[in-house]
Amino acid sequence: GDSVTQMEGPVTLSEEAFLTINCTYTATGYPSLFWYVQYPGEGLQLLLKATKADDKGSNKGFEATYRKETTSFHLEKGSVQVSDSAVYFCALSDRDTGRRALTFGSGTRLQVQP
Amino acid sequence: KAGVTQTPRYLIKTRGQQVTLSCSPISGHRSVSWYQQTPGQGLQFLFEYFSETQRNKGNFPGRFSGRQFSNSRSEMNVSTLELGDSALYLCASEAGEGTLAGELFFGEGSRLTVL
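Described in the following lines is the structure provided in the data block. Sequence order as written defines residue numbering, which begins from 1 separately in each chain. To label them, take the chains in the order written and letter them from A, then take the ligands in the order written and number them from 1. Predicted model: local features are reported for residues with pLDDT of at least 70 only, side-chain atom pairs are reported and counted for 80 or more only, and whole-chain, interface and lining totals are derived from all residues. Water and hydrogen atoms were dropped before computing side-chain values, which therefore reflect all heavy atoms in the structure.

### Quick notes on the state of the cysteines
To count as a disulfide, a pair of cysteine sulfur atoms needs to be within 2.5 Å. The tally for this structure, following the rule as stated, stands at two disulfides over all chains. Covalent S-S linkage joins A:Cys23 and A:Cys90, the inter-sulfur distance amounting to 2.0 Å. The S-S bond linking A:Cys23 to A:Cys90 shows a torsion near -70°; that makes this disulfide left-handed. Here A:Cys23, found in strand S4 (residues 23–26), pairs with A:Cys90, found in strand S10 (residues 86–93); they are 67 residues apart in sequence, far enough to count as distant. A:Cys90 sits in the buried class, given a relative accessible area of 1%. Disulfide pairing is shown between B:Cys23 and B:Cys91; the S-S distance is 1.8 Å. Judged by the sign of its S-S torsion, about -60°, the bond between B:Cys23 and B:Cys91 is left-handed. The helix and strand labels rest on DSSP assignments: H or I over at least four residues marks a helix, E over at least two residues marks a strand, and numbering proceeds from the N terminus. Only protein chains enter the area calculation, which uses a 1.4 Å probe; residues under 20% of their type maximum are buried, those over 50% are exposed, and those in between are partly exposed.

### What about the sheet that holds strand S7 (residues 56–59) of chain A?
Residue and element names in this part refer to chain A. Pairing between strands requires that DSSP locate at least two bridges from one strand to the other. In space, the four strands of this open sheet follow the order S3-S9-S8-S7, with antiparallel pairing throughout. The sheet is open, and its two edges are formed by strand S3 (19–21) and S7, each paired on a single side. This sheet shows a mean twist of 15° between the axes of neighbouring strands, independent of strand direction. To get an axis, fit a line to the C-alpha atoms, keeping to the stretch in contact for a helix; angles then go from 0 to 180 degrees between the N-to-C directions.

### Structural notes on the packing of aromatic side chains
All names here are of chain A. Each pair of aromatic rings taken from Phe, Tyr and Trp, with Trp reduced to its six-membered ring, is defined by centres within 6.5 Å and is described as stacked if the planes are under 30 degrees apart, edge-to-face if over 60, and tilted in the remaining cases. The final tally for this structure, using the stated rule, is 13 aromatic pairs over all chains. Look at Phe-89 and Phe-104: their rings are 6.3 Å apart centre to centre, the planes differ by 85°, and that puts the pair in the edge-to-face class. Separated by 15 residues along the polypeptide, Phe-89 in strand S10 and Phe-104 in strand S11 (residues 102–104) bring together distant segments of the chain. On the accessibility criterion, Phe-104 (8% relative accessible area) is buried.

### What to know about the interface of chain A and chain B
The criterion used for residue contact is that any of the two residues' heavy atoms lie within 4.5 Å. Listed as interface residues are 19 residues of chain A and, on the opposing side, 26 residues of chain B. Put simply, buried area is how much 1.4 Å-probe accessible surface two parts lose in total, over both of them, once they are put together. When the two sides are added together, the surface that chain A and chain B hide from each other amounts to roughly 1900 Å², 53% of it contributed by carbon and sulfur. Basic side-chain nitrogens of Lys or Arg form a salt bridge, by our definition, when they fall within 4 Å of a carboxyl oxygen of Asp or Glu. Linking chain A with chain B are zero salt bridges, by the criterion used here. Counting only elements with at least two residues in the side of chain A that touches chain B, the list comes to strand S5 (32–38), strand S6 (44–50), S10 and S11 of chain A. Ranked by the residues each element gives to the side of chain A that touches chain B, the list is headed by S5(A), at four residues. Under the scheme applied here, ten amino acids are nonpolar (Ala, Val, Leu, Ile, Met, Phe, Trp, Tyr, Cys and Pro), four are charged (Asp, Glu, Lys and Arg), and all others, including Gly, are polar. Broken down by class, the residue content of the side of chain A that touches chain B amounts to eight nonpolar, six polar and five charged.

Listed below in structure tokens is the structure:
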């Protein structure tokens, strides 16, 4: 079945450092890919998405490119801020499963220190 | 516009009891999904409702059930609670058209503790 694998956290960075959170996926079909973010005490918010190969999703300085050849969707940001501290989830939606739902990775906690 | 609203935010139950959680989606959204979030299992899909019909179901036992009303509000029920049901239950809504789950709008969740 479908699955999403994320790098283990927590990831601890200093403010203005470069961020990469790795995400790879396994899917039976041709999925759409998402990054969601969960701030403390809140629900998940969509950060960015990509629906086909080579698409780049971007939002709030974050970027991720849909790489079909490597089945990856790594999240990057050039300069993180303390306010970026949160848990980040990679997810996919695959029409071919016949199930209209998101499959999530385990989440990566990001801690940004001033 | 108002976001997804879940009630109650926190609740404590004992084993064997049952619980009902409520979710009001964003106005105009016809699809409501429920997810269970635990430290060990992460985020797992429970079920999805669209226009009062359960359209998709995850791999949870029959103790977990749900329904959707004509105004798109949804409830989920867990009967005969077990300790392992302690979790954050997240509701998400979207317009619901198409065959792929798209951008989900999540509520803040209902945190259930089973003692």
